[in-house]
Amino acid sequence: MDTPVDTKLIDGAAHARAVRAELRPRVEALRSSGVVPGLAVVLVGNDPASRVYVRSKARACEEVGLYSEQHDLQGSTAEEQVLERVRMLNRDPRIHGILVQLPLAAHISVDRVLHTISPEKDVDGFHPCNVGLLATGNPVFAPCTPAGVLRLLEREGISPEGKRAVIVGRSNIVGKPVAMMMLRKHATVTICHSRTRELGGVTREADILVAAIGRARFVTGDMIKPGAVVIDVGINRLPDGKLAGDVDFASVHGRASRLTPVPGGVGPMTIAMLLENTVLAAERTAKTA
Ligand code: NDP
């Protein structure tokens, strides 16, 4: 039996507030030169979770002085019309950042939509240009959730350098970019997925474990090295309506040295990073104007 570890929770909401506060002077500087950073969010269909995310993004924009607009398109909208809306936003000088809320209906190609967003306005960091820049170590717009994970570590004074980082999940949105960003910070990185054999044996080697799986309470205490830092990206809706992460909080608490709660961990940082990317996009446009 391992001795229990004193687990410190990472307060993502407090870190996100601090990031938003740091953005305000940058927004003020832009506004005083006549530029109001603008974000357009395109929502196709009526997915309730997407609606909640989009609303919280709009509220956060307002709080830091960003202009935001929402483009609601019906779920049955043809792909070409979605693409046309994105092209229109690419041309709109009031808009510096464009975000198309995922998931999209099956008849719309996510790749075609994401590839149509101008890389200069791609504040979600999903355009192949921005993915390539991240992969080659020169990111401009890093994807928001992975950027939020790395920023949480930085703000908590945890350096990935020389550490074993294990990422469970290899999606383009979370797992792969987190891995690339950890590598850039000099961690030794392992990526796990559904075909990984003896997952627990791999996760137990992690000094920093990132769970981005989409399965409630999947990562249990016995999969954690005592004292590891555990970042839970998962957001899963339980049958009783409550949210749970991919990490089994009850068994990992007392084993990890730091742990992000769900909700209140990575989620708020994702939105803060979106705002930061939008401000950055506006600053870059202002510089080249
Ligand atoms: P995806 O479904 O795209 O990817 C899930 C990954 O987990 C896949 O790579 C899959 O492997 C892997 N996986 C599934 N089952 C297992 C298993 N049994 N053992 C090991 N690996 C497994 O999800 P996302 O990356 O988009 O999201 C992951 C989680 O993060 C979700 O809960 C999502 O809601 C949440 N999320 C949270 C955000 C936030 O702001 N906090 C933002 C984005 C996502 P394989 O590739 O082999 O199928």
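Residues numbered from 1 in each chain as written. Predicted model: local features only at pLDDT ≥ 70, side-chain atom pairs only at ≥ 80, totals over all residues. Heavy atoms only, no water.

Undergrad: When you look at the site of the ligand in this model, what are you seeing that I'm missing?
TA: Around the ligand sit 22 residues, and of these Arg 170, Ser 171, Ser 194, Ile 235 and Thr 270 come closest. One of the side-chain nitrogen or oxygen atoms of Ser 171 is found 2.5 Å away from an oxygen atom of the ligand. Contact between the ligand and His 193: a nitrogen atom at 3.4 Å from a main-chain N or O atom of the residue. Burial of the ligand by the protein amounts to 70% of the accessible area it has alone, namely 930 Å². By residue number, the principal contributor to the shell around the ligand is helix 10 (residues 266–288), which donates 3 residues. Its residues assigned to classes, the shell around the ligand comprises 9 nonpolar, 10 polar and 3 charged. (Near = heavy atom within 4 Å. Polar contact = N/O pair within 3.5 Å; in protein donor to acceptor, adjacent residues only side chain to side chain. Areas by Shrake-Rupley, 256 points an atom, 1.4 Å probe, with all protein chains shown as cover. Helix = DSSP H or I, 4+ residues; strand = E, 2+ residues; numbered from the N terminus. Nonpolar A, V, L, I, M, F, W, Y, C, P; charged D, E, K, R; others polar.)

Undergrad: Explain the sheet that holds strand 2 (residues 38–44) here, please?
TA: Paired through backbone hydrogen bonds, the strands of a sheet run either parallel or antiparallel to each other. Spatial ordering of the open sheet is given by 3-2-4, a layout of 3 strands whose pairing is parallel. The open sheet is flanked by strand 3 (67–73) and strand 4 (97–100), the only strands paired with a single partner. Strand after strand, the sheet turns through a mean of 15° between neighbouring axes, direction not considered. In terms of strand pairing, strand 2 meets strand 3 through 7 bridges, oriented parallel. For Leu 43, the partnering residue across the bridge sits in strand 3 and is Asp 72. (Pairing = 2+ DSSP bridges. Axes fitted to C-alpha atoms, helices over the stretch in contact; angles between N-to-C directions.)

Undergrad: Quick question: what am I supposed to make of the sheet that holds strand 8 (residues 229–232) here?
TA: A sheet is described by the order of its strands in space; here 6 strands give the open sequence 1-11-8-7-5-6, paired in parallel fashion. The two strands at the open ends of the sheet, each matched to only one other strand, are strand 1 (8–9) and strand 6 (188–192). Sheet topology note: the strand 5 (residues 164–168)/strand 6 ladder contains 5 bridges and is parallel. In the sheet register, Val 168 faces strand 6, and the bridge partner there is Cys 192.

Undergrad: How should the domain arrangement of the protein chain be read in this particular structure?
TA: A common way to state how big an interface is: give the accessible area lost once the parts meet. Taken domain by domain, the protein chain consists of domain 1 (34–120) and domain 2 (143–267). The gap between the C-alpha centroids of domain 1 and domain 2 is 28 Å. (Domains from an automatic or database assignment.)

Undergrad: When you look at helix 6 (residues 144–155) in this model, what are you seeing that I'm missing?
TA: An α-helical turn contains 3.6 residues, so a residue and the one three or four places further along point in the same direction. For helix 6, built from 12 residues, the straight-helix expectation of 16 Å at 1.5 Å per residue is met to within 8% by its first-to-last C-alpha distance of 16 Å. In terms of burial, helix 6 is largely enclosed, as 10 of its 12 residues are buried. Taken together, the buried positions of helix 6 are Cys 144, Thr 145, Pro 146, Ala 147, Gly 148, Val 149, Leu 150, Arg 151, Leu 152 and Leu 153. Here the buried face of helix 6 lies against helix 1 (12–32), helix 7 (175–184), strand 7 (208–211), strand 8 and helix 10. (Expected span 1.5 Å × (residues − 1). Buried < 20%, exposed > 50% of the residue type's maximum accessible area, 1.4 Å probe, protein only. Contact = heavy atoms within 4.5 Å.)

Undergrad: For this particular structure, what's the right way to read the side chain of Glu 276?
TA: For Glu 276, the position within the fold is in helix 10. Residue Glu 276 is classed as buried on the basis of its relative accessible area of 16%. Residues contacting Glu 276, with those up to four places away along its chain left out, are Val 19, Leu 23, Arg 26 and Arg 151.

Undergrad: Please explain unusual backbone geometry as it appears in this structure.
TA: When glycine is set aside, most residues are seen to have a negative phi, and most peptide bonds are trans. A cis amide bond links Leu 102 with the next residue in sequence, Pro 103, at an omega value of 0°. With an omega of 0°, the peptide bond between Val 262 and Pro 263 qualifies as cis. Secondary-structure assignment places Pro 263 in the loop between strand 11 (258–259) and helix 10. Positive phi, normally seen in glycine, also occurs at His 186, with a value near 70°. Note on placement: His 186 falls in the loop between helix 7 and strand 6. Of note, Glu 198 is a non-glycine position whose phi angle comes to about 50°, a positive value.

Undergrad: Explain the pattern of salt bridges here, please?
TA: Any two side chains of opposite charge can pair, so long as their charged atoms come close to each other. Counted under the stated rule, the structure contains 17 salt bridges. Residue Asp 240 pairs with Lys 242 through a salt bridge whose shortest N-O separation is 4.0 Å. (Salt bridge = Lys/Arg side-chain N within 4 Å of Asp/Glu carboxyl O.)

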